[in-house]
Amino acid sequence: MIVCESERLIIRQFTLADAAFMLRLLNEESFILNITDKNVRNITQAEKHLQEGPMASYEKLGFGLCLVELKTTKCPIGICGLLKREELAHPDLGYAFLPEYCGKGYALEAANNMLKQQLPKHSLTTVLAITSPDNHSSNRLLQKVGFKQTGMMELYNSQNNLYEYISNIR
């Protein structure tokens, strides 16, 4: 199911057919360094991760992390979406892209469209985001999208910048 589209991207819900992409993304050095090691090492584990993570979230909340693919080729390039972590009071924006697609504006395009289209749909006015203080590109992206840093929090055994986005769409 397509969640939202932009000029260059299609953002859709995951299916089990996306397990090979998820396996690759979760094992990228940049993902492990900037997010965490999810310990997903084979297709079976990737399928389980999709079922217990994004797909379970779609069922329970109506939103979750989604696959981002290029509109022209349907090539998967990353993930972006809203998720609800127990540690946070509000849903948060999550995203990660394969290294070869970073620095091309895809994450900014996906994040902007996800917020613009999904917040009103789910009656959300506040969304959080967390990122490592050392992940300068992610910190810049959140600020470009309109997030304001509100503090720090520990997640995955490390300190992270905590950001808040307040929607003016009611």
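Just above, that's the structure.
Residues numbered from 1 in each chain as written. Predicted model: local features only at pLDDT ≥ 70, side-chain atom pairs only at ≥ 80, totals over all residues. Heavy atoms only, no water.

### Describing the nonpolar core
Nonpolar side chains in soluble globular proteins generally cluster together in the buried interior. Ranked by size, the top nonpolar core spans 49 residues in total, and within it Leu82, Leu93, Met114, Leu115 and Phe147 carry the most contacts. The element contributing the most residues to this core is helix H4 (residues 106–121), with seven residues. The contact partners of leucine 93, leaving out residues within four places of it in the chain, are Cys80, Gly81, Leu82, Leu83, Ala111, Met114, Leu115, Val127, Leu128, Ala129, Leu142 and Phe147. Judged by nonpolar contacts, the second largest core, of six residues, contains Leu88, Leu128, Ile130 and Leu155. (Core = buried A, V, L, I, M, F, W, Y, C linked by side-chain atoms within 4.5 Å. Buried < 20%, exposed > 50% of the residue type's maximum accessible area, 1.4 Å probe, protein only. Helix = DSSP H or I, 4+ residues; strand = E, 2+ residues; numbered from the N terminus. Contact = heavy atoms within 4.5 Å.)

### What to know about helix H1 (residues 19–26)
Each α-helix turn comprises 3.6 residues. Residues three or four places apart therefore point the same way. Across the eight residues of H1, six count as buried, placing the element largely inside the fold. The complete set of buried residues in H1 reads Ala19, Phe21, Met22, Leu23, Leu25 and Leu26. In this structure, the buried residues of H1 make contact with helix H2 (29–34), helix H3 (43–61), strand S3 (65–70), strand S4 (76–83) and strand S5 (92–97).

### A closer look at the pairing of S4
Within S4, seven of the eight residues are buried, leaving the element largely enclosed by the surrounding structure. Between the antiparallel neighbours S3 and S4 lie five residues, among them lysine 74 with a positive phi of about 65 degrees. As judged from the six bridges shared by S4 and S5, these two strands associate in the antiparallel manner. Bridge pairing links leucine 83 to aspartate 92 in S5. (Pairing = 2+ DSSP bridges.)

### Concerning unusual backbone geometry
One non-glycine residue, lysine 74, lies in the positive phi region at around 65 degrees. With respect to the helices, strands and loops of the structure, lysine 74 is situated in the loop between S3 and S4. Taking the relative accessible area as the measure of exposure, lysine 74 reaches 47% and is therefore partly exposed.

### With respect to the pattern of salt bridges
If you walk through the whole model with that rule in mind, you get nine salt bridges. Among the salt bridges present, the one from glutamate 5 reaches lysine 71, with a minimum N-O distance of 3.2 Å. With glutamate 5 in strand S1 (residues 2–5) and lysine 71 in the loop between S3 and S4, this residue pair connects regions lying 66 residues apart in the sequence. Glutamate 5 gets classed as partly exposed once you look at its relative accessible area, which sits at 37%. With a closest N to O distance of 2.8 Å, arginine 12 and aspartate 18 form a salt bridge. Of the two residues, arginine 12 and aspartate 18, neither departs from the other in class, the shared state being buried. (Salt bridge = Lys/Arg side-chain N within 4 Å of Asp/Glu carboxyl O.)

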